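Each chain, written out:
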Amino acid sequence: MNRVTKWVIGMGIVSIVIGLFLLLFTFAPGNWMMGNGSFMGDRNDGGMMHGNGGMGRGGTVELVASNEPNQRLPIPERLRPDRVTDEALYYTVRTERGEHRFFNQGVSTETLGYNGNLLGPMIELPAGKTVYINTINQLDEPTSFHWHGLVIPGAEDGGPHQSIAPGEQRQVRLDIDQEPGTLWFHPHPMGATAEQVYLGLAGLLYVTNQAETGLPNEYGVDDIPLIVQDRLFTADGQLDYDRQMNVDGTVGDTLIANGAINTTFDVTTNTLRVRLVNGSNARNLDFSLSNGEAFTQIATDGGLLDQPVSLETLTLTPSERAEILIDFSDLSLEDDLALQADGIPFTTFTVRDHIEQDGDWTDAFTEAPVANEASAADRRLTLFGMGNMVTIDGKQFDPDRIDINVRQGSTEVWEIYNREDMMGGMTHPFHVHGVQFRILERDGKPPPDNERGWKDTVAVAPGEKVNIEMTFQETGTFMYHCHILEHEENGMMGQLKVD
């Protein structure tokens, strides 16, 4: 073998090794190359979890307890209607750019909000009414208003198809015809959802009715929302999504509740109703009480459970919601009790009084539970991949392609399979627009009792198959996708058309 031939072979081997090395860094779990182009460069390396923790693909970002001074829990404003008639309510919701200071000694950081600097109001949606919302985009970039969990036509859903340009506005019509529940709204523009949510765009939707349930229902007193999110801040207390972004899910080390760190709430009643929203981009959260005692889950994403469930730990993946009751009757005045996520306290409740509420909340659960009976799957969807290579059924999102066609009024069972990858895989929160569904099975077994209510997002663990059943009541084009927001933007999303 002559020298030239040896040189060609040698260079070929070197090229192959370099190519494999570049592939490793490009597609390896964790997005080793971060948004600013640096390799694992600073504390802003967001990592995603396998299961429920912060074990990352390419780096670990564990939650840590903050030493910030305690501050009162902000309660989102209940939005006042512009006008009310016998049949309808009229609201106005604006996206705004603003500033917020998260840390006592920090500086203000750029944030986004609805009708304010950060997060948004609570919008009441009475069942049986028509709600008109005038949506206004005051940002310098496109956005959309997605009404997460509402059963409404595709034209009003607020997905990527209903993008609103800067300075423009659009009125949506929402005919409210579903069970009372805790929903939320957030942006859904293709390519910008993750950053806009990370910087603060998230608000609450309460579907309500006039039925007496005996459950605590005085907003801000014995019935409070907690939008829980994790964020990673720079050394001077700012949010910098470009530096913190991770293509496998952007996570942080600091918990915020309703946009604030280390919050406190004065409890004046024996029972407190807490509406939990996991508003994180990617992190799963395990909720528990600091004293190790149980609480009672009464609702899932789309409304009340058939029966209340006593739990010591509750896991919510991104976009999942749950309502829980916490009993303070055995605590003494001035006692503290903290709500934790992954063992990190983020909201401390202090007992200030023991007022007994009227009514018996157990009366709300008098009907027999609905059986989540197994049924053969009509469709099978496979979630797979990591980073920029995430897919559903081997395909990435194409706005010009309809992936599933169904008839209005039809009921289908979908099997959602999370195929493991070479690193084991990640839990994917699978969300379907425009419907509420029931979980029938997890790997052939009935779901846990606290998952037997109406859902619009379901956690699917690596290697797991989950069967869900839903009826398509509204027409139009809807999205289904992983609610790890970076996965959604990287293509783990499909389109469903209901005719």
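What you see is a predicted model, and the numbers here were worked out from it, not measured in a lab. (Residues numbered from 1 in each chain as written. Predicted model: local features only at pLDDT ≥ 70, side-chain atom pairs only at ≥ 80, totals over all residues. Heavy atoms only, no water.)

Quick notes on the sheet that holds strand E5 (residues 122-126)
Pairing is mixed across the open sheet formed by four strands, whose spatial order is E5-E10-E9-E7. Two strands close off the open sheet at either side, each with one partner strand: E5 and strand E7 (146-148). When the angles between neighbouring strand axes are averaged without regard to direction, this sheet yields 25°. (Pairing = 2+ DSSP bridges. Helix = DSSP H or I, 4+ residues; strand = E, 2+ residues; numbered from the N terminus. Axes fitted to C-alpha atoms, helices over the stretch in contact; angles between N-to-C directions.)

Quick notes on the pattern of salt bridges
For the structure shown, the criterion picks out 28 salt bridges. When salt bridges that share partners are traced, they join Asp301, Glu320, Arg321, Lys455 and Asp456 into one network. (Salt bridge = Lys/Arg side-chain N within 4 Å of Asp/Glu carboxyl O.)

A word on the sheet that holds strand E31 (residues 493-498)
Spatially, E24-E31-E30-E26-E28 is the arrangement adopted by the five strands of the open sheet, whose pairing is mixed. Single-partner strands in this sheet number two, and they are strand E24 (404-406) and strand E28 (457-460). Shown here is a sheet whose adjacent strand axes are inclined to one another by a mean of 20°, direction ignored. With six bridges joining them, strand E30 (residues 476-482) and E31 adopt antiparallel strand pairing.

Quick look at unusual backbone geometry
With a phi close to 55°, Leu119 is a non-glycine residue in the positive phi region. Along the chain, Leu119 falls in the loop between strand E4 (109-114) and E5. Given a relative accessible area of 4%, Leu119 falls into the buried group. The phi dihedral of Ser319 is positive, around 85°, even though this residue is not glycine. Within the secondary structure layout, Ser319 lies in the loop between strand E18 (314-316) and strand E19 (321-327). On the accessibility criterion, Ser319 (0% relative accessible area) is buried. (Buried < 20%, exposed > 50% of the residue type's maximum accessible area, 1.4 Å probe, protein only.)

With respect to the environment of Ala364
Mapped onto the elements, Ala364 comes out in the loop between strand E21 (344-355) and strand E22 (379-384). The class for Ala364 is partly exposed, based on a relative accessible area of 24%. Spatially, the C-alpha atoms of Ala364 and Thr213 are 4.8 Å apart, while their sequence positions differ by 151 residues.

Re the side chain of Asp157
Topologically, Asp157 is positioned in the loop between E7 and strand E8 (169-175). No salt bridge is formed by the buried Asp157, whose closest oppositely charged neighbour, Arg170, lies at an N-O distance of 9.7 Å. Within the structure, the side chain of Asp157 is placed 2.6 Å from the side chain of His433, a separation counted as a polar contact. The contact partners of Asp157, leaving out residues within four places of it in the chain, are Phe145, His146, Trp147, Ile152, Gln162, His433, Gly434 and Phe478. (Lys, Arg positive; Asp, Glu negative; His and termini not counted. Polar contact = N/O pair within 3.5 Å; in protein donor to acceptor, adjacent residues only side chain to side chain. Contact = heavy atoms within 4.5 Å.)

Thoughts on the packing of aromatic side chains
In the structure shown here, the tally under the stated rule is 16 aromatic pairs. Seen in terms of ring centroids, Tyr206 and Tyr219 are 5.9 Å apart; in terms of plane orientation they differ by 80°. Their pairing is edge-to-face. One end of the pair, Tyr206, is in strand E10 (residues 203-208); the other, Tyr219, is in the loop between E10 and strand E11 (223-231), and 13 residues separate them in sequence. Across the pair, Tyr219 and Tyr206 agree in class, each one buried. A centroid spacing of 5.7 Å and a plane angle of 75° characterise the contact between Trp414 and Tyr480, whose relative ring orientation is edge-to-face. (Phe/Tyr/Trp six-rings, centres within 6.5 Å; stacked < 30°, edge-to-face > 60°.)

A word on the environment of Pro121
Structurally, the position occupied by Pro121 is in the loop between E4 and E5. In this structure Pro121 comes out as buried when scored by relative accessible area, which is 4%. The sequence separation of Pro121 and Ala202 amounts to 81 residues, and the corresponding C-alpha distance is 8.7 Å. What Pro121 contacts, discounting residues up to four positions off in sequence, is Pro76, Glu77, Leu79, Tyr114, Phe185, Gly203 and Leu204.

Side note on the environment of Pro446
Residue placement: Pro446 occurs in the loop between strand E27 (437-442) and E28. When its relative accessible area of 54% is taken as the criterion, Pro446 is described as exposed. The sequence separation of Pro446 and Asn467 amounts to 21 residues, and the corresponding C-alpha distance is 9.8 Å. Here Pro446 is in contact with Leu440 and Arg452, once residues within four sequence places are set aside.

Concerning the nonpolar core
Among the nonpolar cores identified, the biggest contains 69 residues, and Trp147, Leu150, Trp414, Phe430, Ile468 and Leu496 are the most heavily contacted of them. Setting aside its immediate chain neighbours within four residues, Trp414 contacts Arg379, Leu381, Ile404, Phe430, Val432, Val466, Asn467, Ile468, Met470, Phe472, Tyr480 and Leu496. In this structure, Val274, Ile326, Leu331 and Val351 belong to the second largest nonpolar core, which totals 33 residues. (Core = buried A, V, L, I, M, F, W, Y, C linked by side-chain atoms within 4.5 Å.)

A short note on the confidence of the model for the protein
Mean pLDDT over the protein works out to 88, with 87% of the residues at or above the 70 mark. The low-confidence segment residues 2-59, where pLDDT is below 50, has 106 contacts with residues more than four positions distant or belonging to other chains. (pLDDT = per-residue confidence, 0-100.)

Here's the deal with the pairing of strand E13 (residues 263-269)
Along any regular strand, the residues point their side chains to alternate faces of the sheet. In terms of burial, E13 is largely enclosed, as five of its seven residues are buried. Taken together, the two bridges between strand E1 (residues 71-72) and E13 define a ladder with parallel strand orientation. If you follow Arg72 over to E13, its bridge partner there is Thr264. Strand direction decides the pairing type here: E13 and E21, joined by six bridges, are parallel. Paired with Thr264 across the two strands is Thr348, which belongs to E21.

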